[in-house]
Amino acid sequence: MSATCEFQAKDYKSSLKPIWCPGCGDFSVVQGIYRALAAIGRPPHEIAFVSGIGCSSRIPGYTTAYGFNSVHGRSLPIAQGIKLANPDLLVLAAGGDGDGFSIGGGHIAHLIRRNMDITYIVMDNQIYGLTKGQLSPTSQKGRVTCTSRFGSLEEPVNPLLYVLAYGAGFVAQASPTDLVGMAATIEEAIRYPGFAFVNIQSPCVTYGEEAQQIKGLKAISENLAAMGHNPADRLAAMDLAQQYGQKMHLGVFYRNPEPAPTYDGLVRERQAALSKNAPPKEQILDLFIKK
Amino acid sequence: MATRGIDFQTLSLMDALDLAILIEDEAQERYEDFAAQMDQHRTPAAARFFRLMAFNESKHGEELSARRAELFGEAPRAVTREMIYDIEAPDFDEVRAFMTPRQAMEAALASEVKAHSFFLAAIPVLKDAGVKALFEELRDEEVYHRELVTEELAKLPPDSAVSDEDFVDEPAPQ
């Protein structure tokens, strides 16, 4: 691994032009990621950025990191494989709320319990935008879409409570209403030694409702640090997370003050321990060859 | 609009000039991005206007860079783009596909107003007389730019009574 050196946000911006709808919240999110990566200072070739499928999952292509726009809902297992194969890489995963909490929902629990050193950024817009506006797992009850003509009958998934309940060591929320805060939150998530989750309320300008646009979000925003929230208090974080959908709390909900060892770190240790008594590489084949 | 890690009380003239150049850079880049988005979404009139704005921002940036070079030569820059957020650059959510030239100009006008507010708010905190004079000059330029855009807006014919929202379909069953 090379030593960190000075990088600027523009060093992480690729020459590919985003094809999101003009005004999409994801334009701000990618800027926040550029700035957070610049603050971290790792060169782009030491970063792997994995996504699933959806509008927001196009994001790795707009960075100069190694990117993998993978399979719907499968960004996390692929990111985990990359981290285990090359633990020196800084691994980011990203996607939308549908990708993360519907088809990919089952994977989150396992990365959390293993405490994989991966930062997972979800761009939560409460809709399937790429496929033209169907209900997503975080759509509010009563929401009218093309798949819910008379209003959704389902309660939404609460992404914050979901990851907190599974024991995530770092849980935060950000929004394009506060660019400085968003970049700082992503940076803090990357620096956390273990699985870090950042839910970003990123408005869909095409299929999103008026209240979910920037002005609407500003009206319900509250900064957790300014409220005096103690991010080491997991129960207080869970209490605040229950207000998802009514209030938009920005900042760090929970940061485990004593992070558990990461799975990738433990695997490394195990490999080192077992390799002490392992035969030399040249003799491995001999074990399988009858003499 | 926000800043991070800038101490306006101790800001030197060189840092202030660099900051002003970075503010113009950020705005230029945003207008270029907007123009590309408008091209992609078949909104050519707005794209042309955003390109013109990008050109104006770059021209202003070059003038400031020349002043900086004359006064401070190649002295290394102590401020970075990461310290400023959307000072003169229009907000990301100011644009929409199929926006009219009037809407594009209104977005530019809002960003000039925003930049004016930034300089206005910073001036009382500044200690260095040279920095203060520079910020006052930049503040006044924003007023001038605002007037220019307002004049151009007045020349435009009114937008059609049909808005792009009229073309949005109600969700249809699938």
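As shown above, the structure is provided for reference.
Summarised in this report is the structure supplied together with it.

So, the overall build of chain A
Broken down by element type, chain A carries nine helices and eight strands. Rg of the C-alpha trace for chain A: 20 Å, near the compact-globule value of 19 Å for 291 residues, within the 12% margin. The buried share of chain A, reckoned over its 291 residues, is 53%. Taking contacts inside chain A between residues at least 6 apart in sequence as the whole, the part at least 24 apart equals 71%.

Considerations on the packing of aromatic side chains
When we look at a pair of aromatic rings, we describe it by the centre distance and by the angle of the planes. In total, this model carries 17 aromatic pairs over all chains according to the counting rule given. Centre to centre, the rings of A:Tyr162 and A:Tyr166 are 5.5 Å apart; their planes meet at 65°, and the pair counts as edge-to-face. Highlighted residues: A:Tyr162 and A:Tyr166, both in helix H5 (residues 159-166), separated by four residues, approximately one helical turn. Pairwise contacts between aromatic rings join A:Phe101, A:Tyr120, A:Tyr162, A:Tyr166, A:Phe195 and A:Phe197 into one cluster. Over the ring of A:Tyr263 we find A:Arg114, and its NZ or CZ is 5.8 Å from the ring centre. Taking the ring centre of B:Phe92 as reference, the NZ or CZ of B:Arg30 above it sits at 3.7 Å.

Things to note about the pairing of strand E6 (residues 196-201) of chain A
All names here are of chain A. Where burial is concerned, most of E6 is hidden: six out of the six residues are buried. In terms of strand pairing, strand E5 (residues 170-174) meets E6 through five bridges, oriented parallel. Directly across from Ala174, in E6, lies its bridge partner Ile200. The β-α-β motif built from E5, the intervening helix H6 (residues 179-191) and the parallel element E6 has right-handed crossover chirality.

So, the layout of surface pockets
Residue and element names in this part refer to chain B. Each pocket or cavity is described by its volume, and for the second largest pocket that value is around 470 Å³. Along the walls of the second largest pocket sit 20 residues, with Met53, Asn56, Tyr144, His145 and Leu148 positioned nearest its centre. Only helix H2 (44-72), helix H3 (101-122) and helix H4 (129-155) provide two or more residues apiece to the lining of the second largest pocket. In terms of residue class, the lining of the second largest pocket is built from seven nonpolar, three polar and ten charged.

Concerning the environment of B:His41
Considering the arrangement of structural elements, one finds B:His41 in the loop between helix H1 (13-40) and H2. Residue B:His41 is classed as buried on the basis of its relative accessible area of 18%. Put simply, B:His41 and B:Arg96 are 55 residues apart on the chain and 9.0 Å apart in space, counted from C-alpha to C-alpha. Residues within four places of B:His41 in sequence aside, it is in contact with A:Ile19, A:Trp20, A:Cys21, A:Pro22, B:Ala97 and B:Phe98. Here A:Trp20 takes part through its backbone oxygen, which lies 3.3 Å from a polar atom of the side chain of B:His41.

Concerning H2(B)
All names here are of chain B. Compared with an ideal rise of 1.5 Å per residue, which puts 29 residues at 42 Å, H2 spans 41 Å between its outermost C-alpha atoms and is within 8% of the ideal. Every buried residue of H2 is listed here: Ala46, Ala47, Phe49, Phe50, Met53, Ala54, Glu57, Ser58, His60, Gly61, Leu64 and Arg68. Buried residues belonging to H2 abut H1, H3 and H4. Of the residues trailing H2, Gly73 is marked for its positive phi of about 55°.

Considerations on the packing of helix H1 (residues 26-40) of chain A against H6(A)
For any two helices packed against each other, the geometry comes down to the angle between their axes and how far apart the axes lie. All names here are of chain A. Running from N to C, H1 and H6 cross one another at 50°; their axes reach a closest spacing of 8 Å. When the axes of H1 and H6 are compared, the pair comes out oblique. Classified by chirality, the crossing of H6 by H1 is right-handed. Taking contact as the criterion, the partners of Ser28, Val29, Gly32, Ile33, Arg35, Ala36, Leu37, Ala39 and Ile40 in H1 are, on H6, Leu179, Met182, Ala183, Ile186, Glu187, Ile190 and Arg191. Its residues assigned to classes, the contact of H1 with H6 comprises eleven nonpolar, two polar and three charged.

Focus on the pairing of E5(A)
Residues and elements named next belong to chain A. Burial runs high along E5: five of the five residues are buried. Here E5 shows a buried face lined by Phe170, Ala172 and Ala174 and a second buried face lined by Val171 and Gln173. The sheet contact formed by E5 and strand E8 (residues 248-255) spans four bridges and is antiparallel. Pairing of Gln173 across the sheet is with Gly251, part of E8.

Looking at the nonpolar core
Residues and elements named next belong to chain A. Core analysis: the largest hydrophobic core is formed by 41 residues, its most contacted members being Ile33, Ile59, Phe170, Ile186 and Ile200. Where this core is concerned, the elements lending two or more residues are H1, strand E1 (47-51), strand E3 (90-96), strand E4 (118-124), E5, H6 and E6. A per-element tally of this core places H1 first, with nine residues. Dropping the residues within four chain positions of it, Ile33 is found in contact with Phe49, Ile59, Ile121 and Ile186. Counting residues in each nonpolar core, the second largest holds 30 residues, with Val50, Ile112, Leu224 and Ala241 among its members.

Considering the interface of chain A and chain B
Counting residues at the interface gives 30 residues for chain A and 25 residues for chain B. Among the residues chain A hides against chain B, the three largest losses belong to A:Pro22, A:Arg35 and A:Val180. Together they make up 28% of the total. Put simply, A:Lys13 and B:Asp33 hold a salt bridge, and the shortest N to O gap is 3.4 Å. One can count seven residue pairs in polar contact (both at pLDDT 80 or more) joining chain A with chain B. Residue assignment for the side of chain A that touches chain B shows that the elements contributing at least two residues are H1 and H6 of chain A. Considering only residue class, the side of chain A that touches chain B consists of 16 nonpolar, nine polar and five charged.

Rules used throughout
- Residues numbered from 1 in each chain as written.
- Chains lettered and ligands numbered in written order.
- Predicted model: local features only at pLDDT ≥ 70, side-chain atom pairs only at ≥ 80, totals over all residues.
- Heavy atoms only, no water.
- Helix = DSSP H or I, 4+ residues; strand = E, 2+ residues; numbered from the N terminus.
- Rg over C-alpha atoms; globule rule 2.2 N^0.38 Å.
- Buried < 20%, exposed > 50% of the residue type's maximum accessible area, 1.4 Å probe, protein only.
- Contact = heavy atoms within 4.5 Å.
- Phe/Tyr/Trp six-rings, centres within 6.5 Å; stacked < 30°, edge-to-face > 60°.
- Lys NZ or Arg CZ within 6 Å of the ring centre and 35° of its normal.
- Pairing = 2+ DSSP bridges.
- Right-handed = clockwise from strand over helix to strand, strands pointing away.
- 1 Å grid on protein atoms, 1.4 Å probe; cavity = no way out; pocket = protein on both sides within 12 Å on 5 of 7 lines; lining within 4 Å.
- Points joined across faces, edges and corners; volume = space filled by probe spheres on them.
- Nonpolar A, V, L, I, M, F, W, Y, C, P; charged D, E, K, R; others polar.
- Polar contact = N/O pair within 3.5 Å; in protein donor to acceptor, adjacent residues only side chain to side chain.
- Expected span 1.5 Å × (residues − 1).
- Axes fitted to C-alpha atoms, helices over the stretch in contact; angles between N-to-C directions.
- Parallel < 35°, antiparallel > 145°, perpendicular 65-115°, else oblique.
- Left-handed = near helix turned anticlockwise from the far one by under 90°.
- Core = buried A, V, L, I, M, F, W, Y, C linked by side-chain atoms within 4.5 Å.
- Buried area = accessible area lost by both parts, 1.4 Å probe.
- Salt bridge = Lys/Arg side-chain N within 4 Å of Asp/Glu carboxyl O.

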